[in-house]
Amino acid sequence: MRVPLSWLREYVDLPATETGRDVQAKLISVGLEVETVEQLGDGLKGPLVVGKVLTIEELEGFKKPIRFCTVDVGQANGTGEPQEIVCGARNFAVGDKVVVVLPGAVLPGDFAIAARKTYGKTSHGMICSGDELGMGDDGSHGIIVLPPEHEVGTDAIELLQLVDEVLDIAVTPDRGYALSIRGVARETATAYGLPLRDPALLDVPQPNAFGYPVQVSDPMGCDRFTARTVTGLDPEARSPLWLTRRLQKAGMRPISLAVDITNYVMLELGQPLHAYDRSRVQGPIGVRRATQGEKLTTLDGAKRTLDAEDLVITDDRGPIGLAGVMGGANTEIDDTEGTTTEVVVEAAHFDALSISRTARRHKLASEASKRFERGVDPQAASAAAQRTVDLLVLLAGGTADAGVTEVIAPSAPHTITIPADHPDKVAGVEYGRETVVRRLQEVGCDVYGQDELIVTVPSWRPDLTDPNDLAEEVIRLEGYENLPSTLPKPPAGRGLTDRQRLHRRIGRALAGAGYVEAPNYPFIGEHVFDQFGLTADDPNRKVVKLVNPLSDEEPALRTTLLPGLLGALRRNDGRGSHDLALFETGLVFHPREELKIAVRLPVDRRPTDEEIASLTEALPVQPRHAAVVLAGAREQAGWWGKGRPADWADAVEAARVLAREAGTELVVRGGQYGPWHPGRCAELAVVVEGVEQVIGYAGELHPRVLKTLGLPARTSAMELDLDVLELASSGVPKGPKISTFPVATQDVALVVDVAVPHAGVEAALREGAGELLESIRLFDVYENAAQLGEGKKSLAYALRFRAADRTLTVDEASAARDAAVALAGERVGAVLRG
């Protein structure tokens, strides 16, 4: 919202010394976001005067049309002689009044004016356009042609109100009243402690039976409709300079007198209006919901197909406007023809939610919809209609029709009961009852009661709905900067929880293993599950959908971290980074079986454990996961030797890194799930209280998934549930014991069937070796049908034995090894290789 300071001063008697910066500071202190203060006419210096074009000579022989003009500027040039000026514009004629800048003047942008020779003539000044004077868009894109009544030689700086300050306010959705000069003036008056001259306090005639007929069939969508008629308008009347300049300063383009007046009143009072050419309206004006598929051509020339939820304005032919959004072309006041002599003025109040949905549905944001969806004062409709009628009569020579139409749905003012000390408890500051009552009255509330206040909310503040809203009003008017800054005092002896420590260790471990953290937005589209190849009954397909998503393509909360991570990998690969190892730890979201409504927690005390538990039960289940994705080279090639590409084993090793940080044993076995390659997928499991639970998968992604998502070949990934991993954890990992006794190493090579997994062989060796076994490592896999036999493979392991209290003998180490081999032979049919 752009607010000219000169316009604001009409309703609040600000001290003459107050600048736009001063007003900005005051408004910010009461909670309005004043982003900038624009200095209009900064650096502008005269003489800048009204001139009359006396003669025009067309200069020939140039690439573009050039005119040599003489202009009467009165005594402004010191001689009274006509001023000779060269000009390239063609939208003025002999006898027109124009704006002339004379030598010695300076225009905005530090553009000094001096006499200069150009096109074979000497130009003593310049005939000005609106752009050159910083006036904004007036729709003409040419020389300013003034009304003929202005005297030659008049100071144009004052006439055109070129010097001013404009406050640019970012209006938040809960402060719709600030989208008007009236609303900002009220906040300014409160901030300065000055009285407000409310422009909506007008004498409005009572409704009668002689007004234009209106039928409202949807009182929920339109609870108030005021119609007034003005006849005998001069079709040649044009908007005066003061009106067009105020519109330009507020960021709106002048169009025609009737439209300019409705825009002016909307800016002044915050009530959107619409003016219909009465001769083009057939029958009564109606308000109803559209019929599915109905057509309407709006003022922007677009033909729109209406939805059954759209609220429309109608006449006997059908829709003539999208209520609260934009009027229809078939009842438009056409200024080009100059035939409109009778106007019907509409000032209505529409349901905010309905207007918001219609504007979004048709992708049609307008100044009217922007105000209606934030909340418009329903009590201002009659005053806005009266103000529009008065201006049409004053500026267009019209006559106000005696008929006044008002259709009003019954409603009662909104009241809120609030303890007098409630703002004190919210802010932690003692304001006292008198301060609370005074501040609420400054907002416009009627307040009754002593310890328990009954507050009637003003019609222009639909955002005030509960005691906390009223507390916020008191706090902001008393000044957020006056709230004491106090640090919370946590009880001694509390630090990070075990869960937090585990998450931090895991992050450090993955970073130390060469992974880069890549956090992503927690939103996904359900089409990703098809891309991953998940079955129709997969639990991950059950998602929590957002009511108001940031993107329609991703309306749900994620149930897996992989879509975001793989998207990050794809973007980086597409930008030239081909060797990638990314990780993320974060929450995933699963809907609960039973949907519950969240309770509203109190703000004047700490919620009870029961209230917090009730809130938690209404939230989705939110386990924390960890995931990694890899592509390209895992080890770089160089003078030191060959590199190595990342593969499925690196993804599995990432899972083992997490298990080591949790201090638990990870069960790794062949598996098959969703996006992973069925022959290169490991199922990850842990034992929790004696029960084995699958916590995730790791391995190489399926080629079909890689092609669908546009990922590099042989991309690998891992994802597991950190919360279940923590349950299997033995707590903080303990440092290894340093033994003074030497280790005894025994290598064994076992021949097994190709289908036997390494995990089964390792488990048998570990159990058979007994307590002397310190570690076991697979260091070679060998397949050769000629030496080993068809369908056989050789697995070579390094077994490390050590005793805590002595040096092991060769016989002890060999015996442990033989026991391990024997159990492997019994369990998986392993045979010691030759």
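The rules behind each value
Residues numbered from 1 in each chain as written. Predicted model: local features only at pLDDT ≥ 70, side-chain atom pairs only at ≥ 80, totals over all residues. Heavy atoms only, no water. Helix = DSSP H or I, 4+ residues; strand = E, 2+ residues; numbered from the N terminus. Rg over C-alpha atoms; globule rule 2.2 N^0.38 Å. Buried < 20%, exposed > 50% of the residue type's maximum accessible area, 1.4 Å probe, protein only. Contact = heavy atoms within 4.5 Å. Areas by Shrake-Rupley, 256 points an atom, 1.4 Å probe, with all protein chains shown as cover. Core = buried A, V, L, I, M, F, W, Y, C linked by side-chain atoms within 4.5 Å. Axes fitted to C-alpha atoms, helices over the stretch in contact; angles between N-to-C directions. Parallel < 35°, antiparallel > 145°, perpendicular 65-115°, else oblique. Left-handed = near helix turned anticlockwise from the far one by under 90°. Nonpolar A, V, L, I, M, F, W, Y, C, P; charged D, E, K, R; others polar. Pairing = 2+ DSSP bridges. Salt bridge = Lys/Arg side-chain N within 4 Å of Asp/Glu carboxyl O. Phe/Tyr/Trp six-rings, centres within 6.5 Å; stacked < 30°, edge-to-face > 60°. Expected span 1.5 Å × (residues − 1).

*Asks:* A description of the overall build of the chain should follow, citing residues and the corresponding values.
*Replies:* Within the chain, the secondary structure is distributed over 22 helices and 42 strands. On C-alpha atoms alone, the chain measures out to a radius of gyration of 39 Å, which is more than a quarter above the 28 Å that the 2.2 N^0.38 rule sets for 834 residues. Dimensions of the chain, computed from C-alpha atoms along their principal axes, come out at roughly 125 × 80 × 55 Å. Taken across its 834 residues, the chain has 47% of its residues classed as buried. The contacts of the chain with a sequence gap of at least 6 include a subset with a gap of at least 24, amounting to 70%. Surface summary for the chain: the accessible area is close to 41300 Å², and the carbon and sulfur share equals 51%.

*Asks:* Explain the nonpolar core to me, and be specific about the residues and the numbers.
*Replies:* Val3, Val23, Leu27, Leu167, Ile169, Val265 and Leu392 are the most contacted members of the largest nonpolar core, which totals 53 residues. Look past the residues within four positions of Val265 in its chain and what remains in contact with it is Gly270, Leu273, Ala384, Arg387, Thr388 and Leu391. Among the nonpolar cores identified, the runner-up in size contains 31 residues, and Leu510, Ala651, Val652 and Ala654 belong to it.

*Asks:* Residues and numbers for the packing of helix 5 (residues 241-249) against helix 6 (residues 257-269), please.
*Replies:* Viewed as axis vectors pointing N to C, helix 5 and helix 6 meet at an angle of 55°, and their least axial separation amounts to 10 Å. As far as their axial angle goes, helix 6 and helix 5 are oblique. Handedness of the crossing formed by helix 5 with helix 6: left-handed. Between helix 5, through Trp242, Leu243, Thr244, Arg246 and Leu247, and helix 6, the contact on the second element is made entirely by Leu257, Asp260, Ile261, Asn263, Tyr264 and Leu267. A class-by-class count of the residues in the contact of helix 5 with helix 6 yields seven nonpolar, two polar and two charged.

*Asks:* Lay out unusual backbone geometry with the relevant residues and their values.
*Replies:* Its identity is not glycine, yet Asp110 carries a phi of approximately 60°, on the positive side. As for its placement among the helices and strands, Asp110 is situated in the loop between strand 7 (106-107) and strand 8 (111-112). Asp110 gets classed as exposed once you look at its relative accessible area, which sits at 69%. Positive phi, close to 50°, is recorded for Gln161, a residue that is not glycine. When you line up the elements, Gln161 lands in the loop between helix 3 (156-159) and strand 13 (164-170).

*Asks:* I'd like a description of the sheet that holds strand 16 (residues 274-277), backed by residues and values.
*Replies:* The four strands are arranged 16-23-15-24 in an open sheet whose pairing can be described as antiparallel. The open sheet has two edge strands with one neighbour each: strand 16 and strand 24 (399-408). For this sheet, the mean inter-axis angle between neighbouring strands, taken without regard to orientation, is 20°. Strand direction decides the pairing type here: strand 16 and strand 23 (residues 343-350), joined by four bridges, are antiparallel.

*Asks:* Lay out the packing of helix 2 (residues 20-29) against helix 4 (residues 181-192) with the relevant residues and their values.
*Replies:* Where helix 2 contacts helix 4, the two axes come as close as 9 Å, and the packing angle between them is 90°. Relative to helix 4, helix 2 is oriented roughly perpendicular. Only Val184, Glu187, Thr188, Ala191 and Tyr192 of helix 4 make contact with helix 2, whose side of the interface consists of Asp22, Val23, Lys26 and Leu27. Class assignment for the residues of the contact of helix 2 with helix 4 results in five nonpolar, one polar and three charged.

*Asks:* Run through the pattern of salt bridges, naming residues and quoting values.
*Replies:* Applying the stated criterion to the full structure yields 57 salt bridges. The partner of Glu635 in a salt bridge is Arg644, with the nearest N and O atoms 3.7 Å apart. Ionic contacts of the salt-bridge type, sharing partners, join the residues Arg175, Glu187, Arg461, Asp463, Glu472, Glu473 and Arg476 into one network.

*Asks:* Can you tell me about the packing of aromatic side chains, naming the residues and giving the values?
*Replies:* Overall, the coordinates contain nine aromatic pairs when judged by the stated rule. Geometrically, the ring pair formed by Trp242 and Tyr264 is edge-to-face, given 5.6 Å between the ring centres and 85° between the ring planes. Linking Trp242 in helix 5 with Tyr264 in helix 6, this pair joins segments that are 22 residues apart in sequence. For the pair Trp639 and Trp640, a centre-to-centre distance of 5.6 Å together with 75° between the ring planes defines the contact as edge-to-face. Note on accessibility: Trp639 and Trp640 belong to one class, exposed. Ring pairing ties together the aromatic residues Trp7, Trp242 and Tyr264, which thus form one cluster.

*Asks:* How would you sum up the sheet that holds strand 27 (residues 452-456)? Please name residues and give values.
*Replies:* The strand order across the open sheet formed by three strands is 25-27-26, and the pairing between neighbours is antiparallel. Since the sheet does not close on itself, it has two edges, and those belong to strand 25 (415-419) and strand 26 (446-448), each with one partner. Strand-to-strand twist of the sheet, defined as the mean angle between neighbouring strand axes without regard to direction, takes the value 25°. Judged from the five bridges that link them, strand 25 and strand 27 form a sheet pairing that is antiparallel. Counterpart to Ile418 in the pairing with strand 27 is Leu453. Packed on one face of the sheet, helix 11 (residues 433-443) meets strand 26 and strand 27 and runs near 5° to strand 27.

*Asks:* Please give an account of helix 4 that cites residues and values.
*Replies:* For an α-helix, 3.6 residues make a turn, and residues three or four places apart therefore share a direction. Here helix 4 contains 12 residues, and its C-alpha end-to-end distance of 16 Å stays within 8% of the 16 Å for a straight helix at 1.5 Å per residue. In terms of burial, helix 4 is a largely internal element, 12 of the 12 residues being buried. For helix 4, the complete set of buried residues consists of Ile181, Arg182, Gly183, Val184, Ala185, Arg186, Glu187, Thr188, Ala189, Thr190, Ala191 and Tyr192. At the exit of helix 4 stands Gly193, carrying a positive phi of roughly 70°.

*Asks:* Quick rundown of the environment of Leu202? Include the residues and the values.
*Replies:* Relative to the elements of secondary structure, Leu202 occurs in the loop between helix 4 and strand 14 (214-216). For Leu202, a relative accessible area of 31% corresponds to the partly exposed category. In this structure, the C-alpha to C-alpha distance between Leu202 and Ala383, residues 181 residues apart in sequence, is 6.0 Å. Once you skip the residues sitting within four places of it in the chain, Leu202 turns out to touch Ala383, Gln386 and Arg387.

All we've got here are geometric facts, nothing functional implied.
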